[in-house]
Amino acid sequence: MNIKYFLKGFFCIKSADSPAIALFASFVAIGALFKSIGLNIQESIFSTFLTYALPGSLIMAESLIVGASLLNIFLAVWLVNARLYPMTVSLFPLLTHKNQPKLKYYLACHFIAVSAWLIMKKNYRSIERKYRLDYWIGVGAANLSVAISATAFGFFIADYLNKDMMVGLAIVNPVYFTCVMVGAMKTIQMSLAVILGSVLGISFYFVSPEWCILLGGFTAGTLAFFIGEMNGN
Amino acid sequence: MAINIVLAILVTSLATYISRFLGVITSKKIKENSKIFKWFNCLAYSTLSALLARIIIFPAGALAEVDYFIRFIVVITCLTIFLIAKKNFVYPTVLSALLLAFLSYNF
């Protein structure tokens, strides 16, 4: 592990377009939600540390409320977080280097979440290939630290948050990432992926609420890819 | 509560980690400048967009209690501010929380 690159990645969290505010707001909401459904502080922190993917945690919380079975939780979380698969495949080929131990990739992939992923997608070119994995671990560690602190903070201030504040916190993340997605629409392929993804994601909801993200995302991404290729991107 | 919380957390984490893990395995065979890599890049952005659209239009949790018209106004307003403010991320994100809390309190 190269400490210099790790720290360089870690302090990306301070940049102006950093996801820190959005990440913090959404995990404060999760921390407060955890408290309200009866988790203790250790369980709340443990959950964010181990899962570190917001929609999955939200599904877990809702399932606990309605008393869904473990198998139901597993399937629902897997479906909503399966987006992490294409995200990993579209990031890790950029980080591989023969000098890095194999096991490190399997640990480093835990940091895959949209916030860190976007920072890395933007910055990887400026980092020498050999050190990209260390840099990535820095970026991921910083984002996970923000998420964990926010969960704890949310847990402790839960009693002071009313319904309107919770709603306000919950919208920050979707708005931030909508802005990021619109900002990423620079080529035909990217623009189509974002626009078709939103439209088809919603359309497939009427077919199956569980499968809509995967089916909509897969159809939209594939269409965007081929249309983009035919038009020279 | 019917089921053990710690078990639920472990199951949630496992269901999440699987996709990351399989992603690393697939990544080994994919070259950075290949067509497949580009295709996966499109898939990553489109599934993220699908998820966002779902969260905004058919939300779970706290957001579900707000009228969808209000959510829509907040997202469109913030997106407009983002584009006017030369793609600054701070204004739209901070404003989104204030605006939605305000609208939800008053309507």
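Residues numbered from 1 in each chain as written. Chains lettered and ligands numbered in written order. Predicted model: local features only at pLDDT ≥ 70, side-chain atom pairs only at ≥ 80, totals over all residues. Heavy atoms only, no water.

**What to know about the environment of Ile65(A)**
Here Ile65(A) is to be found in helix H4 (residues 54-66). When the C-alpha positions of Ile65(A) and Leu144(A) are compared, they lie 26 Å apart, and in sequence the two are 79 residues distant. (Helix = DSSP H or I, 4+ residues; strand = E, 2+ residues; numbered from the N terminus.)

**So, helix H5 (residues 70-81) of chain A**
With 12 residues, H5(A) should cover 16 Å at 1.5 Å per step; its first-to-last C-alpha distance of 16 Å lies within 8% of that length. For H5(A), the set of buried residues is Ile73(A), Val77(A), Leu79(A), Val80(A) and Asn81(A). Structurally, H5(A) contributes buried residues whose contacts are with H4, helix H6 (84-89) and helix H12 (212-230) of chain A together with helix H1 (5-27) and helix H2 (35-57) of chain B. (Expected span 1.5 Å × (residues − 1). Buried < 20%, exposed > 50% of the residue type's maximum accessible area, 1.4 Å probe, protein only. Contact = heavy atoms within 4.5 Å.)

**A closer look at the confidence of the model for chain B**
Residues and elements named next belong to chain B. Here chain B shows a mean pLDDT of 91. Residues at 70 or above account for 97%. Of all secondary-structure elements in chain B, the lowest mean pLDDT belongs to helix H4 (residues 90-106), at 90, while H1 reaches the highest, 96. Confidence estimates for the predicted assembly give a pTM of 0.91 and an ipTM of 0.91. (pLDDT = per-residue confidence, 0-100.)

**Topic: the interface of chain A and chain B**
How large an interface is tends to be reported as the accessible area lost when its parts come together. With 96 residues of chain A at the contact, the number on the chain B side is 75 residues. With both chains or domains summed, chain A and chain B bury close to 7700 Å², and 77% of this area falls on carbon and sulfur atoms. Between Glu229(A) and Lys38(B) there is a salt bridge whose closest N-O contact spans 3.2 Å. Linking chain A with chain B are 18 residue pairs in polar contact (both at pLDDT 80 or more). Ranked by the residues each element gives to the side of chain A that touches chain B, the list is headed by helix H10 (residues 163-183) of chain A, at 18 residues. Of the residues that constitute the side of chain A that touches chain B, the class distribution is 65 nonpolar, 20 polar and 11 charged. (Buried area = accessible area lost by both parts, 1.4 Å probe. Salt bridge = Lys/Arg side-chain N within 4 Å of Asp/Glu carboxyl O. Polar contact = N/O pair within 3.5 Å; in protein donor to acceptor, adjacent residues only side chain to side chain. Nonpolar A, V, L, I, M, F, W, Y, C, P; charged D, E, K, R; others polar.)

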